Amino acid sequence: MNPVARTVLQRLGLGLVTLFIVSIIIFSAIAMLPGDFAKATLGQSATPETVAAFQREIGIDRPPVERYFVWVAQMLHGDFGSSFASRTGYRRTVAEIIAPRLYNTMFLAAVTALIAVPLALGLGILAALYRNGWFDRLVNVATLTTISFPEFFVAYMLAYLVISRDTFIGSDFAQTLPHWLTVSLNWALNAVPKFPTLSNVNDQTPFWEHLWKVALPAITLTLVIVAHMMRMTRAAIINMLASPYIDMARLKGMSPMVIVLRHALPNAWAPIVTVVAFNLAYLIVGVVVVEVVFVYPGIGQLMVDAVKSRDVPVVQACALIFAATYILLNLLADIISIATNPRLLHPR
Amino acid sequence: MTRSESVAAVQRLRRSRATRAKTALKKAPFSAWFGIVVILGYVFVAVFAHWIAPYGETQVFSEAFAPWSQEFKLGTDQLGRDMLTRLIYGARNTIAIAVATTLLSFAVGVSLGLLAALYRGWLDQILSRAVDVLMSIPSLIFALVLLTIFGSSITSLIVIIALLDSTRVFRLSRAVGLNVAVMEYVEVARLRGEGPKWIIAKEILPNVMPPLVAEFGLRFCFVFLTVAALSFLGVGIQPPTADWGSMVRENATLITYGDVTPLLPAGAIALLTVSVNFVVDWFLQATSGLRDEK
C-alpha cells in the first residue's frame, strides 16, 4: 500500500478513536447529573409522576451502555434528542434548534478564515523578508499586544470605536482636548465604516447584508488569531533561510522575493499549516465569546444559554459538534503536512 | 562535611543567588520593569482592597448608571454600586481565584508529571493517554460542559479549570522531568533507598524549576483569561461578588452611549496579562536560551 495513504488512514483511525472517547465523556455528562436535577428542571410543583416521566424520557432508568449506543445511533441519523425546554405536546428537537445557528457560526468562521489566513501569511512573509526592520518590529509589537488581550476586550474596543464615530464630538472628553485635536480625531473617526454593532441576523437575511453584519465579529476574531499564525509563518521561513540551498539561490543572484516564495515557502508549509489549523480550531473557542458580545445567533451563544439553563441535551450536542470540528481540523493539518513533506512519514 | 560547614555552604549559595538576582534585575529591559511594577501594583490593590475602596463591595446607591463625578469617581453600575469600589474588589476576587486555580493545577500537574517521568511504564501510559483525550477538546468547551453538570460556584470553577489546565502542566513537567530522571544522581538516590516523594522534591524539582516558573506565569495568564471569559459569559463567578469579567458584561450597554466605563475592567484584565507576559519573556531569556527565536 502507498505509504502516504497508509499514514493518512492511520491518522484517520486515531481521530475516530479520540472522537469515540470524547463522545463517551460528553455522554456521561447526563449520567453524572445530581439526583435532584429533574426536580430542579421541572420546578417546585412537579409531582412524583412527572419526575418519573421526565427521568424515563431522558432515559436514566435504563443501563448506561445501552443508552450510549442508542444516543450515538440517533446522533448518526441526525437526531440529537429533544431539548429540556420542550413541554408536553410541544417538542423542540435539538436538531431544529441547532441547524440555523450552526450555519451562522460556520458563516462567521468562514468569513474570518478568508480574511485572516491570507493576511497572516502575507504579513508573515513580508516580516521575514524585511526581518529586523521597522516593519517587522511594528508587526511584532502589534501582534504581541492583540494576542494577550481577552477577546471581549478587543470586541468592545472595536464596537466603541465605531460608536465614538457619532458620540465623540459631543462628549466631555472632546471638550477638554485642544480644538485642532478634537477636529482631527473626529475626522479620523469618521473614516471608520459604520459597521453594525449588533449582528442580529435571521434566515431571511440576504447574503450581502449578512456579510455586512458579521463584519465586526469577523474583524475581532481575525485580530485575535492573526498574531499566532503570522509569527509562525515568519519563524518557519527564517528558519529555512539559514539552509545551504538558500545560500546557493542567493549566490545565483535571485531576488529575495523569489527566494522566499519559490525556495523557502514550499519547505515551510508543514509548520505553517499546523498552526493555521490550530488557530482555525481556536476560532471555535473565540466564537463563543464574540457571538455573545455582538448578540450573533450562533451555536456558541446557544451553548452558553443552554449551560445557564442547564439544558443538557443542547450542551451535549454543541460540545460534540465543537469537539468533532476541533479533532477534524487537527487531523486535516496532520494529513496536509504529511502530504506536503514526505519526510514526516518516518518519524525518528 | 560537618554541620557548620554545610550551613556555611547553604548561606554562601543564598547570598550568591540574591546577588545574581540583583544583577539580573539591573540588566532587565524596560518592558520587564514595567511588568514588575504593574504586577506589584495589582497585588497591592488586591491585598489592601478593604482600605483603599471608598465604599463597600455590595453597597447600593440610589442612582444606577451614574456618570463620573466627585462622589463616584467612575460612576455607578447597573444596580447603583460604585464602579471604582467594584474595580478594586474585582482585583482581589479575580486575581485570588486565578492564583488559587493555577496553584492547584500546578500541584496536580507537576506531581503527576514528575511521577510519570520517574516511573514511566504503565503509569506514564495511562496518564499520558488520558491527557491526550482531555486536550483533544478546547478547554473552554469542556469547562462549559462540566459547569452545566456541577453548576457555577467558585469551588467548582476553581477545581474544573485547574483540572483542565493541569493537562498542559503535566505535559511540560513530564517532558522536563524525563531529562532529569535519567541522571546519575537520581539513580544514586534511588539505590540509597529514598522514596518517590523525596526523589521528586529534593532531586528532580530543583533542577526543573526555571521552565516551571516561566510556565506558571503563562498558565496564570491563561487561567485568568479563562475565568474572565467564563464570568463574562455569565457562567463563572456569580453576583454579587465583584469580578472584572462580569462587570464588563453587566455594564456593556453603556458602550452604546459612547461611555468608556465598561472598558475599564476589560482593560484591567488586558494590562495584567500583558505585564505578566513581559515578565515571563524576560525571565525565560534570563534563565535559559529556551525561547530565543520563536
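Undergrad: Whenever I open this one, the confidence of the model for chain B confuses me. Can you help?
TA: The predicted coordinates ought not to be read in detail in places where the model reports low pLDDT. Residue and element names in this part refer to chain B. Across chain B, the average pLDDT comes to 82, with 92% of residues at 70 or higher. Note that residues 289-294 has pLDDT below 50 and, in this model, six contacts with residues that lie over four places away or in other chains. Confidence metrics for the complex model read pTM 0.81 and ipTM 0.77.

Undergrad: Any chance you could explain the nonpolar core here in plain terms?
TA: Generally speaking, soluble globular proteins have nonpolar side chains that are buried together. Y156(A), M303(A), V315(A), C318(A), I141(B), A143(B) and L144(B) are the most contacted members of the largest nonpolar core, which totals 161 residues. With 21 residues, helix α13 (residues 256-293) of chain A is the single largest residue contributor to this core. Setting aside chain neighbours within four positions, we find Y156(A) in contact with V293(A), V248(B), A252(B), I255(B), P262(B), L263(B) and A266(B).

Undergrad: Sorry if this is basic, but what is going on with the environment of L40(B) here?
TA: You can see L40(B) is positioned in helix α2 (residues 30-47). Taking the C-alpha atoms as reference points, L40(B) and L104(B), 64 residues apart in sequence, are found 22 Å from one another.

Undergrad: In this structure, what is going on with the packing of helix α7 (residues 151-167) of chain A against helix α11 (residues 215-241) of chain A? I would like to understand it.
TA: Geometrically, a packed helix pair is captured by the angle between its two axes and the distance between the axes. All names here are of chain A. The geometry of α7 relative to α11 is characterised by a closest axis approach of 9 Å and an angle of 135° between their N-to-C directions. Between α7 and α11, the crossing angle belongs to the class labelled oblique. Read as a crossing pair, α7 and α11 show a hand that is right-handed. Between α7 and α11, the contacting residues are E151, V154, A155, L158 and A159 on the first element and L216, I219, T220, L223 and V224 on the second. When grouped by side-chain class, the residues that make up the contact of α7 with α11 number eight nonpolar, one polar and one charged.

Undergrad: In this structure, what is going on with unusual backbone geometry? I would like to understand it.
TA: Both trends apply: most residues other than glycine have a negative phi, and most peptide bonds are in trans. In the Ramachandran plot, V295(A) falls in the positive-phi region, its phi being about 50° despite a non-glycine side chain. Position of V295(A) among the secondary structure elements: in the loop between α13 and α14 (299-308). The class for V295(A) is partly exposed, based on 13 C-beta atoms found within 10 Å. Even without being glycine, R120(B) reaches a positive phi, approximately 45°. If you trace the backbone, R120(B) turns up in the loop between α4 (83-119) and α5 (121-134).

What counts as what
Residues numbered from 1 in each chain as written. Chains lettered and ligands numbered in written order. Predicted model: local features only at pLDDT ≥ 70, side-chain atom pairs only at ≥ 80, totals over all residues. pLDDT = per-residue confidence, 0-100. Contact = placed C-beta atoms within 7 Å. Core = buried A, V, L, I, M, F, W, Y, C linked by C-beta atoms within 7 Å. Buried ≥ 20, exposed ≤ 12 C-beta atoms within 10 Å, placed from the backbone. Helix = DSSP H or I, 4+ residues; strand = E, 2+ residues; numbered from the N terminus. Axes fitted to C-alpha atoms, helices over the stretch in contact; angles between N-to-C directions. Parallel < 35°, antiparallel > 145°, perpendicular 65-115°, else oblique. Left-handed = near helix turned anticlockwise from the far one by under 90°. Nonpolar A, V, L, I, M, F, W, Y, C, P; charged D, E, K, R; others polar.

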